[in-house]
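# Descriptive structure summary
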Amino acid sequence: MLSTKGSVSREVTRLRSRKINLSVIGQYVDYLVDKQGVKNVFVNGTTGEGLALSSQERKQLAEEWVNQGKKKLEHVIIHVGALSLPESKELARHAAEIGASGISAIAPFFFKPTNKGALVAFLREVASEAPHIPFYYYHIPPLTGVKICIEDLLDGIKKQIPTFQGVKYSDTDLLDFAQCMDKYNKEQFLLLYGVDEQLLSALAVGATGAVGSTYNYLGQANNMMFQAYANQDFALARKYQFCIGEFLSFVFKLGFGVAQTKAIMTSLSGIPMGPPRLPLMSASEEFITKAKAKLDSLPFLTTYPAK
Ligand SMILES: CC(=O)N[C@@H]([C@@H](O)[C@H](O)[C@H](O)CO)[C@@H](O)CC(=O)C(=O)O
């Protein structure tokens, strides 16, 4: 007991005054593009701990990603969601000014919108600050607690938010997701799926893309899964999804979240992702060793045929 308390307080001291490190972003962009085949990024979202950062830090990160991504990345979408509407609007304006390809926002989750009208009113205010770039709603009910049905949200949304382009859908409700695909086919919304362990099921009902934490280090494996699915090689696509599932199921049992994602990413890419910000605590050495050993036991996920 005593030793646990001691190590928690040492960790707290270590995490207390951590600052963002902009100097690794250029390297991060190259790693994603060259090693993972990932050319679209979602900045200041969950994995990037956007909600734990000050507005100033979020702006600095957004600028660095846009600048470093020039001529390398296809899309840099900046997450501008915040608990306060003025803050969210300011971040939206800033993202548009610096040349982001799009913006996205979660629902505020302290004073929550309790119905579609309230949510749309909030999102409309945010989106209207960046009237020339696409807006994506970031649906992540496990973290926001806002469970407004997306099938309902999409009904008439373009009239309310002319720049509305789609949804980053980080929830397991594949019925709602499939209904959106089916019902709004004509609108050609981009529905980007965000539960990595279920991506293949989302592809089967028509997902147009994916945004998630594991694409930082398993981007190639997921690209292969996309390719296998497009080629109608469903056995191969399932093999990728099952392997990804085996890895995630293993780390879930150890305790998995943003801090652990950063640690895995650091260990695989060699780029120091740094510790998370309090109240999140760093991944343990034991976690890192076990997660790395598990990935090493699944070479199918991390070794690819030469191009
Ligand atoms: C709750 C959460 O963190 N979800 C992740 C998933 O990628 C998730 O880590 C993965 O599916 C493992 O459960 C993403 O949806 C979040 C994400 O894309 C982001 O960084 O904004």
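From a predicted model like this one, the values you see are computed outputs, not experimental measurements.

The subject of this paragraph is the nonpolar core. Formed by 83 residues in total, the largest nonpolar core has its most connected members in W65, F135, Y137, L154, F247 and L301. Ranked by the residues each element gives to this core, the list is headed by helix 12 (residues 234–254), at 7 residues. Of the residues that make up this core, three or more belong to each of domain 1 (21–212) and domain 2 (234–307). Among residues more than four places away in sequence, those in contact with F135 are I103, S104, A105, L123, V126, A127, I161, T163, F164, Q165 and G166.

What follows covers helix 3 (residues 55–69). End to end, helix 3 covers 21 Å across 15 residues, agreeing with the expected 21 Å (1.5 Å per residue, within 8%). The elements touched by buried residues of helix 3 are helix 2 (25–36), strand 1 (40–43), strand 2 (75–79) and helix 4 (85–98). Phi turns positive one or two residues past the end of helix 3, at K71, with a value near 65°.

Applying the stated rule across the entire model yields 11 salt bridges. K89 is the salt-bridge partner of E129, the closest N and O atoms lying 3.7 Å from each other. Taken together, the residues span a long stretch of sequence, with E129 in the loop between helix 5 (116–127) and strand 4 (135–139) and K89 in helix 4 at a distance of 40 residues. Across the pair K292 and D296 runs a salt bridge whose closest N-O atoms are separated by 3.4 Å. Of this pair, K292 and D296 both sit in helix 14 (residues 285–296), 4 residues apart, which is roughly one turn of that helix. What emerges from the salt-bridge pattern is a single network uniting K89, R93, E125 and E129.

Right, let's get into the UniProt feature "active site" (unreviewed entry) in the protein chain. The positions that UniProt labels "active site" (unreviewed entry) are, in the present scheme, Y138 and K168. These annotated residues cover 31 residues of sequence, and their C-alpha atoms all fall within 4.7 Å of one another, placing them together at a single site. Summarising the element assignment, Y138 is placed in strand 4. Judged by its relative accessible area of 3%, Y138 falls in the buried class. In contact with Y138, other than residues within four places in its own chain, are F42, G45, T46, H79, S104, A105, I106, A107, K168 and S170.

Turning next to the state of the cysteines. Within this structure, the stated rule accounts for 0 disulfides. Between C149, a free cysteine, and C180, which holds the nearest cysteine sulfur, the sulfur-to-sulfur gap is 6.7 Å.

Quick look at the site of the ligand now. For the ligand, the set of nearby residues contains 17 residues, the closest of which are T47, Y138, K168, G194 and E197. Note that an oxygen atom of the ligand is positioned 2.6 Å from one of the side-chain N or O atoms of T47. Expressed as a share of its isolated accessible area of 500 Å², the protein-covered part of the ligand is 84%. Residues of the shell around the ligand, tallied by class, amount to 7 nonpolar, 7 polar and 3 charged.

Another aspect to go through is unusual backbone geometry. Of the consecutive residues L278 and P279, the connecting peptide bond is found in the cis state with omega at 10°. If you trace the backbone, P279 turns up in the loop between helix 13 (258–269) and helix 14. In this model, E49 sits at a positive phi of 55°, which is unusual for a non-glycine residue. Among the secondary structure elements, E49 is positioned in the loop between strand 1 and helix 3.

The subject of this paragraph is the packing of helix 2 against helix 3. The contact between helix 2 and helix 3 brings their axes to 9 Å, and the two run at 50°. Classed by the angle they form, the pair helix 2 and helix 3 counts as oblique. Once helix 2 is placed against helix 3, the crossing between them reads as right-handed. Along its contact with helix 2, which presents I25, G26, Y28, V29 and L32, the element helix 3 presents L61, E64, W65, Q68 and G69. Its residues assigned to classes, the contact of helix 2 with helix 3 comprises 6 nonpolar, 3 polar and 1 charged.

With domains assigned, the protein chain is organised as domain 1 (21–212) and domain 2 (234–307). Its C-alpha centre places domain 1 at a distance of 23 Å from the equivalent point of domain 2. Counting from both sides, the interface comprises 17 residues of domain 1 and, opposite them, 20 residues of domain 2. In total, about 1400 Å² of surface goes out of reach between domain 1 and domain 2, with carbon and sulfur atoms giving 63% of it. Our count for the domain 1 to domain 2 interface comes out at 2 salt bridges.

Parameters and conventions
- Residues numbered from 1 in each chain as written.
- Predicted model: local features only at pLDDT ≥ 70, side-chain atom pairs only at ≥ 80, totals over all residues.
- Heavy atoms only, no water.
- Core = buried A, V, L, I, M, F, W, Y, C linked by side-chain atoms within 4.5 Å.
- Buried < 20%, exposed > 50% of the residue type's maximum accessible area, 1.4 Å probe, protein only.
- Helix = DSSP H or I, 4+ residues; strand = E, 2+ residues; numbered from the N terminus.
- Domains from an automatic or database assignment.
- Contact = heavy atoms within 4.5 Å.
- Expected span 1.5 Å × (residues − 1).
- Salt bridge = Lys/Arg side-chain N within 4 Å of Asp/Glu carboxyl O.
- UniProt positions renumbered as here; feature names shortened; annotations may be inferred.
- Disulfide = S-S within 2.5 Å.
- Near = heavy atom within 4 Å.
- Polar contact = N/O pair within 3.5 Å; in protein donor to acceptor, adjacent residues only side chain to side chain.
- Areas by Shrake-Rupley, 256 points an atom, 1.4 Å probe, with all protein chains shown as cover.
- Nonpolar A, V, L, I, M, F, W, Y, C, P; charged D, E, K, R; others polar.
- Axes fitted to C-alpha atoms, helices over the stretch in contact; angles between N-to-C directions.
- Parallel < 35°, antiparallel > 145°, perpendicular 65-115°, else oblique.
- Left-handed = near helix turned anticlockwise from the far one by under 90°.
- Buried area = accessible area lost by both parts, 1.4 Å probe.

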